[in-house]
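Tertiary structure, described
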Amino acid sequence: MQTKRSWRETLALAAKGMLMGAADAVPGVSGGTIAFITGIYEELIFSLKQCGPEALTVLFRQGISAAWKHVNGAFLLTLLLGVMFSIFTVSRLVLYWLDAYPVMLWSFFFGLILAAIWSLVRHIEKWDIKTSAFFLFGTLAAYLITMIPPSAIEPTNLFVFLSGMLAICAMILPGISGSFILLLLGMYTPILTAIKNLEIATLALFAVGCVFGLLSFSRVLNWMFSTHRTLTLALLGGFMLGSLNKVWPWKQTLESTVNSHGKTIPLVQENILPGTFEMITNQPSYLWYAITLTFLGAGAVLLLEKVGSTPRE
């Protein structure tokens, strides 16, 4: 599972981390989807699983070098640096596009996730009743999650910690967005504000929650891949299909709220057709731009998959 990388492959890995960070900044798009597309998902889950009590045992008995190798430290550090760099830089640009050009950005992600579903399910060698049931369950579960209206909860220390645990679990699941989970919990704006203002105490507490979530959930995912790979792929493919409900480009806002900066934040939305969008909002649907960007998103998946499957020296 662990592999040696040249400096070019290390830079490519950091770039994949940046893509994951940018995706995780958007409510509805999962960094786990990017990890799967680029061919690093199972290595990521395995490496996270290694960061448990066993790693401490190796550290005390065999030293830092052995512990670093045990947890695949070079892989995790490179990926983490890419994710963090993106969160503090590239994600700002993505969030600007989300605010200024939502239809076109959602169209791109719609195509990306649609192609990613094909990329995932084509690894399923045989479809039977059980596999189909897991796929349908994943689809229904993700769809119902996207239909839950966001809540507004006071960001107490305990809730910041729990939000970190839940969000990070979603972030490493293809199809389930950690940002969307934060949005549902009413913690999306507080966490982004903490990042923007470098509120160290809040970010540290959130990070601790993320660590606890990673150490526990990565073990579950690693076990699922090791013992029930086909069913796990079907379940994750269903998650991704159900999540398309969230990234449909044309939406009508049914309920909204105004945040502390005077900006209107949608709370409840429903998907509508492009023509209906134009009639209701008196705004252009940018249909042909949206179709073009959908194909570009799908093409990006094919490119990323090709890069991710390039044999290593």
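Position numbers for residues count from 1 along each chain, tracking the sequence in the order it is written. With the structure being a predicted model, the display of local features is reserved for residues of pLDDT at least 70 and the display and counting of side-chain atom pairs for 80 or more, all residues being used for whole-chain, interface and lining totals. Note: side-chain values were computed over all heavy atoms of the structure, leaving out hydrogens and water.

Side note on the overall build of the protein
- A run of DSSP states H or I qualifies as a helix once it reaches four residues; a run of E qualifies as a strand once it reaches two. Both are numbered from the N-terminal end. Each helix and strand in the protein was counted, giving 16 helices and two strands.
- Relative accessibility thresholds used throughout: buried, under 20% of the residue-type maximum; exposed, over 50%; partly exposed, between the two (1.4 Å probe, protein chains only). Within the protein, the proportion of its 313 residues that are buried is 46%.

Describing the UniProt feature "transmembrane region" (unreviewed entry) in the protein
- UniProt positions are given in the numbering used here, feature names are shortened, and annotations may be inferred rather than shown by experiment. When the UniProt feature table is mapped onto this chain, "transmembrane region" (unreviewed entry) is found at residues 74-97, 103-121, 133-153, 159-188, 200-221 and 286-304.
- Secondary structure content for residues 103-121 is 100% helix and 0% strand, while the C-alpha to C-alpha distance between its ends is 27 Å.
- Secondary structure across residues 200-221 comprises 100% helix and 0% strand; the distance between its end C-alpha atoms is 30 Å.

Description of the pattern of salt bridges
- What counts as a salt bridge is simple: a side-chain nitrogen of Lys or Arg found within 4 Å of a carboxyl oxygen of Asp or Glu. A complete count under the given rule lists two salt bridges for this structure.
- Between E42 and R229 there is a salt bridge, with its nearest N and O atoms 2.2 Å apart. Taken together, the residues span a long stretch of sequence, with E42 in helix α3 (residues 41-50) and R229 in helix α14 (residues 229-247) at a distance of 187 residues.
- For E42, a relative accessible area of 27% corresponds to the partly exposed category.

A look at helix α9 (residues 129-147)
- Helices are assigned an expected span. That span is 1.5 Å times one less than the residue count. In this model, α9 (19 residues) spans 27 Å end to end at C-alpha, consistent with the 27 Å of a helix rising 1.5 Å per residue.
- Within the span of α9, buried status applies to T131, F135, G138, T139, A141, A142 and T146. Axial view of α9: buried residues confined to an arc of 165°, hence all on one face. In α9, the exposed positions angled more than 90 degrees off the buried face are occupied by I129, K130, L136 and F137. Starting at the helix axis, one direction is taken to each C-beta atom, and the arc is that of these directions.

Side note on the packing of aromatic side chains
- Only rings of Phe, Tyr and Trp enter the pairing, Trp through its six-membered ring, and a pair is recorded when the two centres are within 6.5 Å. The plane angle decides the type: under 30 degrees is stacked, over 60 is edge-to-face, the rest tilted. On inspection of all chains with the given rule, the structure shows seven aromatic pairs.
- Look at Y41 and F225: their rings are 5.7 Å apart centre to centre, the planes differ by 65°, and that puts the pair in the edge-to-face class. Within this pair, whereas Y41 is found in helix α3, its partner F225 is found in helix α13 (residues 200-227), the two being separated by 184 residues in sequence.
- On the basis of relative accessible area, Y41 is assigned to the buried category, the value being 2%.
- An aromatic cluster of three or more residues is present, and its members are F110, W248 and W250.

Overview of the nonpolar core
- For the purposes of this section, nonpolar cores are sets of buried Ala, Val, Leu, Ile, Met, Phe, Trp, Tyr and Cys residues that join through side-chain atoms within 4.5 Å. Among the nonpolar cores identified, the biggest contains 69 residues, and M20, Y41 and L44 are the most heavily contacted of them.
- Considering each element in turn, this core owes the most residues, eleven residues, to helix α8 (residues 102-121).
- Within the second largest apolar cluster, five residues are counted, among which are W250, I272, F277 and A290.

Considerations on unusual backbone geometry
- Although it is not a glycine, N282 sits at a positive phi angle of roughly 55°.
- When you line up the elements, N282 lands in the loop between α15 (274-281) and α16 (287-308).
- Of the residues examined, N282 reaches a relative accessible area of 70% and is grouped as exposed.
- Residues other than glycine seldom take positive phi values, yet Y286 does so here, at roughly 50°.
- Judged by its relative accessible area of 38%, Y286 is partly exposed.

Notes on α14
- Here α14 is 19 residues long and its end C-alpha atoms lie 27 Å apart, about the 27 Å a rise of 1.5 Å per residue gives.
- The element α14 is largely enclosed, with a buried count of 16 among its 19 residues.

Some words on the packing of helix α10 (residues 157-171) against α13
- Convention adopted: a line fitted to C-alpha atoms gives each axis, helices being fitted over their contacting stretch, and angles between N-to-C directions are expressed from 0 to 180 degrees. Contact pair α10 / α13: the axes reach a minimum separation of 7 Å and the direction vectors enclose 45°. By the criterion of interaxial angle, the relationship of α10 to α13 is oblique. Once α10 is placed against α13, the crossing between them reads as right-handed. Contact with α10, carried on its side by N157, V160, F161, S163, G164, M165, A167, I168 and C169, involves T202, L205, F206, V208, G209, C210, F212, G213, L214 and F217 of α13 and no other residues of that element.
- Residues are grouped as follows: Ala, Val, Leu, Ile, Met, Phe, Trp, Tyr, Cys and Pro are nonpolar; Asp, Glu, Lys and Arg are charged; every other residue, Gly included, is polar. Residue composition of the contact of α10 with α13, grouped by class: 13 nonpolar, six polar and no charged. Should an angle lie under 35 degrees it is considered roughly parallel, over 145 roughly antiparallel, and from 65 to 115 roughly perpendicular; all remaining angles are considered oblique. Crossing handedness follows the turn of the near helix against the far one: under a right angle anticlockwise gives a left-handed crossing, and clockwise gives a right-handed one. Any two residues having at least one pair of non-hydrogen atoms within 4.5 Å are treated as being in contact.

Some points on a nonpolar patch on the surface
- Together, L56, L59, F60 and I64 make up a nonpolar patch on the protein surface, roughly 460 Å² of accessible area in all.
- Ranked by residues supplied to the nonpolar patch, first place goes to helix α4 (residues 53-62) with three residues.
- Residue placement: I64 occurs in helix α5 (residues 64-70).
- For I64, a relative accessible area of 67% gives the class exposed. Patch membership needs two things, relative accessible area over 30% and no salt bridge, and members are linked within 9 Å if like-charged or within 5 Å if nonpolar (Val, Leu, Ile, Met, Phe, Trp, Tyr). Only the protein chains shown count as cover for residues, and all accessible areas are computed by the Shrake-Rupley method using a 1.4 Å probe.

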